[in-house]
Amino acid sequence: MWQPNGLTTGVGSLPYREPEPALYLIAANLDVPHWPQLPRRGAQEGFVQQFLTPLVDNGLLVREGEKLVFPTDAPDWPDRLAAFYALYLAAEEGDEAALETFAIPREAAVGFWAFLQALESEERWPCLKGQVVGPLTAGFQLTDAAGRPAYYDEQVRDLLVRNLAMSARWQAAVLARYAGRAMVFVDEPGVSIYGQSTYITVTREMIVEDMGAIAAAVSAAGAIPGIHSCAAVDWSLLYDAGAAVVSFDAYEYFDSLRPFRRETLDFLDRGGILAWGVVPTSEKARRETGATLAARLRSYWRELAEWGASPEQVRAQALITPACGTGALEPELAERIYGLTHEVGALLREGGE
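Remember, it's a predicted structure, so these values are computed and weren't measured experimentally. Throughout, residues of each chain are indexed from 1 in the direction in which the sequence is written. Totals for whole chains, interfaces and linings use every residue, but because this is a predicted model, local features are given only for residues with pLDDT of at least 70 and side-chain atom pairs only at 80 or more, for both listing and counting. Processing note: side-chain calculations cover all non-hydrogen atoms of the structure and skip hydrogens and water entirely.

Trainee: Just checking my understanding: could you explain the overall build of the protein chain for this structure?
Mentor: Secondary structure elements are defined from DSSP: runs of H or I of at least 4 residues count as helices, runs of E of at least 2 residues count as strands, and each element is numbered from the N terminus. On a plain count of helices and strands, the protein chain comes out with 14 helices and 10 strands. Just to be clear, the radius of gyration here is over C-alpha atoms, and the globule rule we use is 2.2 Å times residues to the power 0.38. For a compact globule of 353 residues, the expected C-alpha radius of gyration is about 20 Å, and the protein chain comes in at 20 Å, within 12% of that figure. In terms of overall dimensions, the protein chain has C-alpha extents of about 65 × 45 × 35 Å along its principal axes. Put simply, the protein chain has 353 residues, and 57% of those count as buried. Residue-level accessible areas treat just the shown protein chains as cover; the underlying method is Shrake-Rupley with a 1.4 Å probe. Here the protein chain displays about 14,000 Å² of accessible surface, and carbon together with sulfur accounts for 50% of that area. Here's how the labels work: a residue is buried when its accessible area is under 20% of the maximum for its type, exposed when over 50%, partly exposed in between, all with a 1.4 Å probe on protein chains only.

Next comes the structure, spelled out in structure tokens:
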């Protein structure tokens, strides 16, 4: 199992309209570069829409005004389903041409394609990172023909999960061409709905199965599957879904790990990596320094040691990240956040204060 030993990476989004400043910021500050999502370029680069092209191309998602809808009442809906599943099964069985149909189109991810172009001129990186939207997050932003959230329609939910799984697998395969290893994270803020009374029909089994299908697709491509959530959630869901890396907002929500001490220790014992989002992605970053954040993280690591984890294990199985994406922030603040991430990583690896 890979041990990152405090290497730095990012979550995904950055607040630029063009990829060049994003790529510069990433290369200057992160040990494990990620491709930059650029939501300010428009709806086509929105976090959910980026990964839906195969569903649109197969007529399984259609635009109605400002919304994308699954037209489950279309007379030829069964035929559209059959065509998609044939494509999916071919990709799952290793058909490279079929897998390519799950590629992110250039117009939906300028940052991804610019990232690959920049990698062409570099030596192979030890590790690279990609990301895909989670099925809960997507499933509650999209609807079926009746206007219900797509996640509540079992058939549509399955379509969505399989599409995202193949998108993640495609990313993993592409990134692996440029690095010794690749990671692909499921970004799933939607997991925070679990346990809320208004979402009572969303079960633990559904969540674990759906996130697990995407994690399994990443693993099938020989890459490292991660899951990110930036809220206080039931962390055992992420541990049980097959994530090798669990990424969380440690700055605001470290306390939320405490009810899951045993599950967290078990995760570490089987080689799991925690990606510590110790750099706040808010105005709070202006009053922090690399030293204050490194001290905060050391205090969290000491607490894990009190729970029973080996200090060496906690450090070896740690990544350092911003708490969340920075796409909604001003560029100057995003740049400070990435700089702080770099500083924290350097301080922890050097043992400095």
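Having seen it, we continue.
Trainee: Mind showing me how you'd approach the sheet that holds strand 10 (residues 318-322) here?
Mentor: The strands making up a sheet associate through hydrogen bonds between their backbones, and the pairing can be parallel or antiparallel. For two strands to count as paired, DSSP must find a minimum of two bridges between them. On the basis of which strands lie adjacent, the open sheet formed by 7 strands has the order 1-10-9-8-7-6-4 and parallel pairing. Every interior strand has two partners, whereas the edge strands, strand 1 (7-8) and strand 4 (125-133), have only one. Bridge count between strand 4 and strand 6 (residues 179-187): 8 bridges; the pairing is parallel. If you follow Val 132 over to strand 6, its bridge partner there is Val 186. A contact between two residues is defined here by any heavy atoms of the two lying within 4.5 Å. Every axis corresponds to a line fitted to the C-alpha atoms, with the helix fit spanning only the stretch in contact, and the corresponding angles, defined between N-to-C directions, vary from 0 to 180 degrees. Against the sheet, helix 8 (residues 204-220) contacts strand 4, strand 6 and strand 7 (224-229), and its axis sits at roughly 145 degrees relative to strand 7.

Trainee: What exactly am I supposed to notice about the packing of helix 1 (residues 19-29) against helix 14 (residues 331-350) here?
Mentor: Working note: a packed helix pair is described by the angle between its axes plus the distance between those axes. Where helix 1 meets helix 14, the closest approach of the two axes is 9 Å, and the angle between their N-to-C directions is 20 degrees. Overall, the two elements helix 1 and helix 14 adopt an arrangement that is roughly parallel. In this structure, helix 1 crosses over helix 14, and the sense of that crossing is right-handed. Along the contact surface, helix 1 presents Leu 25, Ile 26, Ala 28 and Asn 29, while helix 14 presents Ala 334, Glu 335, Tyr 338, Gly 339 and His 342. What sets the label is the angle itself: under 35 degrees gives roughly parallel, over 145 gives roughly antiparallel, 65 to 115 gives roughly perpendicular, and the rest give oblique. Crossing handedness: left-handed means the near helix sits turned counterclockwise from the far one by under a right angle, and right-handed means the same turn made clockwise.

Trainee: What exactly am I supposed to notice about the packing of aromatic side chains here?
Mentor: In this description, an aromatic ring pair is defined by two values, namely the gap between the centres and the angle between the planes. In summary, the pairing rule links any two rings of Phe, Tyr or Trp, Trp by its six-membered ring, whose centres are within 6.5 Å, and it sorts them by plane angle into stacked for under 30 degrees, edge-to-face for over 60 and tilted for everything else. Inspection of the entire model under this criterion finds 18 aromatic pairs. Look at Phe 140 and Tyr 152: their rings are 5.2 Å apart centre to centre, the planes differ by 90 degrees, and that puts the pair in the edge-to-face class. Taken together, the positions of Phe 140 in the loop between helix 6 (135-139) and strand 5 (143-144) and Tyr 152 in the loop between strand 5 and helix 7 (154-175) put the pair 12 residues apart, joining distant regions of the chain. Every member of this aromatic cluster is reached through a ring pair, and the members are Trp 235, Phe 248, Phe 254, Trp 276, Tyr 300, Trp 301 and Trp 307.

Trainee: Is there a simple way to think about the side chain of Asp 153 in this case?
Mentor: Turning to its location among the elements, Asp 153 is positioned in the loop between strand 5 and helix 7. Given the relative accessible area of 13%, Asp 153 is considered buried. Any pair of nitrogen or oxygen atoms within 3.5 Å is treated as a polar contact; in protein, a donor-acceptor pairing is required on top of that, and neighbouring residues in sequence qualify only through side-chain atoms on both sides. Of note is the side chain of Asp 153, whose polar atom sits 3.1 Å from the backbone nitrogen of Gln 155.

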